[in-house]
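# Observations on the three-dimensional arrangement
Next come the chains, spelled out residue by residue.
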Amino acid sequence: MKSKIFPLILSLMMISSPVFSLTSFAETPPAEIQTTADTSEETYTVAFLDFDGNIMNTQELKSGEAIDYSKPDTSSLKYNVNAFTQRMFSDWDIHPETVSQDTTIQALYTEAVISLDSIPSKTLYSFDDTVVDSNGLKVTITISTQTNIFDSDGNRVMEVQQTDISSTCTLAPNNVKEAFKNSDSAEIKIYPISSSVPVGSYTINLDILRGDVNSDGKIDSSDASAVIRHYASYSIGVDDGFTELQKRKADFNYDGVVNASDSSAILKYYADNSSGKNT
């Protein structure tokens, strides 16, 4: 009897007891966590540079933020290189609207240069001329603008425009008699419009032969005699009809007056010339 009951109890125990397997206690690995870098908080530096590469303005911006082009003071980029060269801001080399990386933005310039290309062709004047002739004068303003195109040497290509501004320039003095008031040569200065500084100058000469009072092409005793006669008449207040040109020629020693000294100097010159001393 006992032998039959024991196997039955054992069978019931096996049926009613939970069945355990080795895998029941195995650790389940956690689900893999997928991570994605958040670039929305990344900050980048935008640097604005002047013509020479110096920093004008920097902006620290998050990715996607708009660049503020009003921050750099471009008015400071207008200045005179010298009296006849002016440089000013023209554009930025790139124009990104938003930032996605560190960015450098370079200022480009426009440069205006006034140059004297040629002086007037007439430089020899007679005492009868009135106005200094500007024919042949050429003054140019050259405007050069940097572009985003580079040549084979890595230099920026310049867009160049030239304008002839000769007709707007002023010559001073422009009156012949004023120019030769104190000398037989004069410096004529060339002024661009609205400028108090000359862009250049040149020399004009008076086409006269000092001492040749009677305009016969030579200096001799007759000229010395004419000078002494004029001086004598002038001394007593008599107008002998000497013209301004004759007075200029008679002032042989360039002291601004006509007197016996000029007559003596002319006579000495004639004597030296006749004896070969002036050759």
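First things first, this report covers the structure right here in the doc. These numbers come from a predicted model, not from an experiment.

### As for the overall build of the chain
Of the regular secondary structure elements, the chain holds five helices and 11 strands. Residues counted as buried form 30% of the 279 residues belonging to the chain. Taking contacts inside the chain between residues at least 6 apart in sequence as the whole, the part at least 24 apart equals 51%. When the accessible surface of the chain is summed, it comes to about 18,200 Å², and 52% of that surface belongs to carbon and sulfur atoms.

### Examining the sheet that holds strand S9 (residues 170-172)
Taking strand neighbours across the sheet as the criterion, the four strands line up as S6-S11-S10-S9 in an open arrangement whose pairing is mixed. Each edge of the sheet is formed by a strand with only one pairing partner; in this case those strands are strand S6 (124-125) and S9. With six bridges connecting them, strand S10 (residues 185-191) and strand S11 (residues 200-206) associate as antiparallel partners. Paired with Lys189 across the two strands is Ser201, which belongs to S11.

### Here's the deal with unusual backbone geometry
For the peptide bond that leads from Ala172 to Pro173, omega is -5 degrees, which places it in the cis range. If you trace the backbone, Pro173 turns up in the loop between S9 and helix H2 (176-179). Located in the positive-phi region is Ser194, a residue other than glycine, with phi close to 65 degrees. Looking at the secondary structure, you find Ser194 in the loop between S10 and S11. If you check the backbone angles, Tyr254 has positive phi at about 60 degrees while not being a glycine. Among the structural elements, Tyr254 can be located in the loop between helix H4 (244-250) and helix H5 (260-274). Judged by relative accessible area, Tyr254 falls into the partly exposed class, the value being 48%.

### Topic: H5
For H5, spanning 15 residues, the distance from its first C-alpha to its last is 21 Å, which sits close to the expected 21 Å at 1.5 Å a residue. Within H5 the residues assigned to the buried category are Asp262, Ser263, Ile266 and Asp272. Buried residues along H5 sit against helix H3 (221-235) and H4. Backbone nitrogen of Ser261 and a side-chain oxygen of the N-cap are separated by 3.0 Å at the start of H5; the cap is Asn259. Looking one or two residues beyond H5, the residue adopting positive phi is Gly276, at roughly 90 degrees.

### Quick look at the packing of aromatic side chains
For the structure on display, the rule yields six aromatic pairs. On the basis of an interplanar angle of 70 degrees and a centroid distance of 5.3 Å, the ring pair of Phe51 and Tyr109 is categorised as edge-to-face. Placement of the pair is Phe51 in the loop between strand S1 (43-49) and strand S2 (55-62) and Tyr109 in strand S5 (residues 103-118), with a sequence separation of 58 residues. Owing to a relative accessible area of 13%, Tyr109 belongs among the buried residues under this scheme.

### Regarding the nonpolar core
Val132, Ile190 and Ile204 are the most contacted members of the largest nonpolar core, which has 20 residues in total. Sorting the residues of this core by element identifies H2, S10 and S11 as the ones contributing at least two each. With sequence-adjacent residues up to four places away left out, Val132 is seen in contact with Tyr125, Leu171, Pro173, Asn174, Asn175, Val176, Ile188, Tyr202 and Ile204.

### What about the packing of H3 against H5?
Following both chains from N to C, one finds H3 and H5 inclined at 175 degrees, their axes separated by 8 Å at the closest point. The pairing of H3 with H5 is recorded here as roughly antiparallel in orientation. Residues Ser221, Asp223, Ala224, Val227, Ile228 and Tyr231 of H3 pack against Ala260, Asp262, Ser263, Ile266, Leu267 and Tyr270 of H5. Classifying every residue of the contact of H3 with H5 by side-chain character gives eight nonpolar, two polar and two charged.

Cut-off values and rules
- Residues numbered from 1 in each chain as written.
- Predicted model: local features only at pLDDT ≥ 70, side-chain atom pairs only at ≥ 80, totals over all residues.
- Heavy atoms only, no water.
- Helix = DSSP H or I, 4+ residues; strand = E, 2+ residues; numbered from the N terminus.
- Buried < 20%, exposed > 50% of the residue type's maximum accessible area, 1.4 Å probe, protein only.
- Contact = heavy atoms within 4.5 Å.
- Areas by Shrake-Rupley, 256 points an atom, 1.4 Å probe, with all protein chains shown as cover.
- Pairing = 2+ DSSP bridges.
- Expected span 1.5 Å × (residues − 1).
- Polar contact = N/O pair within 3.5 Å; in protein donor to acceptor, adjacent residues only side chain to side chain.
- Phe/Tyr/Trp six-rings, centres within 6.5 Å; stacked < 30°, edge-to-face > 60°.
- Core = buried A, V, L, I, M, F, W, Y, C linked by side-chain atoms within 4.5 Å.
- Axes fitted to C-alpha atoms, helices over the stretch in contact; angles between N-to-C directions.
- Parallel < 35°, antiparallel > 145°, perpendicular 65-115°, else oblique.
- Nonpolar A, V, L, I, M, F, W, Y, C, P; charged D, E, K, R; others polar.

These figures capture arrangement, not role.
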